[in-house]
Amino acid sequence: MHFPLRWLAAPLPILALLPTAAWAQRTPLPLKDVPLNELARDTQRSYLGKDTMELVWVIPPVYWEVSAEQQQNLSDADRKQFIAQLDDYLLVAMVRGKVGMAGIDEFYDGETMFGGLRLVDTAGTTHEPIPPGRIPPRLKNLLSILRPVMANMLGPMGDNMHFAVFNARDGKGKPLIDPRADGRVQIRTSLNTYAFRTPLGSLLPTRHDAQTGESFPGDYHYNPYTGGALQDSAQPR
């Protein structure tokens, strides 16, 4: 897994993301067909300042559902048990470092990063992370396993990645982030504000421009280069 900077170099980007009531008629991809690397990219944002970089990765429960579904070595019972441990929580992974001449030469600790961390849901309500002392022991154990996994994949950057935990739903049972529904949420840190628009394109069938033959993510309505309307591509069976 890698953590690229997400950006869109297109002359007509606003056309690609125009909201529409048509989402209600669109069928999400089956979990087995969701490209996990694209789902990860859809839920990452980054900031690069003069001497500081920050990466924010929002990990909603659907990420674990996709991951578990695509692990063929898991039994159905193990898959359900794994998902159940994470279904009630929304994780936000963060890494922040000071940038020097040779790259990142100093990383921040989790307590410093999470001090200003807030999530603003579609309704505009602000949510704070669960205090470390209130995180369930089983989830703490799982997070302690994730950090060395990240370190093995990403080296020092992964070793300095910290996980904040939010309740996945508000007091009325509504998801803070519904990745398949129309919405817009923000993650606010002490450095920057990161916007995420849903539904996530990686959960939807790719869209096709019949005139140019180009394909685009599932959350695009128009070709960002020509303004031409896009059509759903055929879903895998």
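For the structure, see preceding data.
The structure displayed is predicted, hence computed values, not measured ones.

What's the story with the environment of Gly183 in this structure? I'm lost.
Here Gly183 lies in strand β8 (residues 183-188). Gly183 sits 13 residues away from Phe196 along the chain, and the two C-alpha atoms are 8.4 Å apart. When residues no more than four places from it in sequence are discounted, the contact partners of Gly183 are Thr122, Phe196, Arg197 and Thr198.

I would appreciate a short explanation of helix α3 (residues 61-69) in the present structure.
Every α-helical turn comprises 3.6 residues, leaving residues that sit three or four positions apart pointing alike. Taking burial as the measure, the nine residues of α3 include seven buried ones, the bulk of the element. All of the buried residues along α3 are Pro61, Val62, Tyr63, Trp64, Val66, Ser67 and Ala68. Considering only its buried residues, α3 is in contact with α2 (36-42), β2 (52-59), α4 (76-86), β3 (89-100) and α6 (137-154).

Explanation requested: the side chain of His162 in the structure shown.
Inspection of the secondary structure assignment puts His162 in strand β7 (residues 162-167). Excluding residues within four positions of it along the chain, His162 makes contact with Val92, Ala93, Met94, Tyr108, Asp109, Gly110, Met113, Phe114 and Arg147.

Explain the environment of Leu91 to me, please; I cannot follow it from the model alone.
In this fold, Leu91 is placed in strand β3. Measuring from C-alpha to C-alpha, the distance between Leu91 and Val165 comes to 4.8 Å, with 74 residues separating the pair along the chain.

Looking at this structure, how should I read the packing of α3 against α4?
Each packed pair of helices is defined by two parameters, the angle between the axes and the distance between the axes. The N-to-C vectors of α3 and α4 enclose an angle of 165°; their axes lie 9 Å apart at closest approach. Judged by the angle between their axes, α3 and α4 are roughly antiparallel. Seen along the crossing, α3 lies across α4 with a hand that is right-handed. Where α3 abuts α4, its residues Pro61, Trp64, Glu65, Ala68 and Glu69 lie against Arg79, Phe82, Ile83 and Leu86. Looking at the contact of α3 with α4 residue by residue, the class counts come to six nonpolar, no polar and three charged.

What counts and what doesn't
Residues numbered from 1 in each chain as written. Predicted model: local features only at pLDDT ≥ 70, side-chain atom pairs only at ≥ 80, totals over all residues. Heavy atoms only, no water. Helix = DSSP H or I, 4+ residues; strand = E, 2+ residues; numbered from the N terminus. Contact = heavy atoms within 4.5 Å. Buried < 20%, exposed > 50% of the residue type's maximum accessible area, 1.4 Å probe, protein only. Axes fitted to C-alpha atoms, helices over the stretch in contact; angles between N-to-C directions. Parallel < 35°, antiparallel > 145°, perpendicular 65-115°, else oblique. Left-handed = near helix turned anticlockwise from the far one by under 90°. Nonpolar A, V, L, I, M, F, W, Y, C, P; charged D, E, K, R; others polar.

Everything listed here is a matter of coordinates, which is why it stays silent on function.
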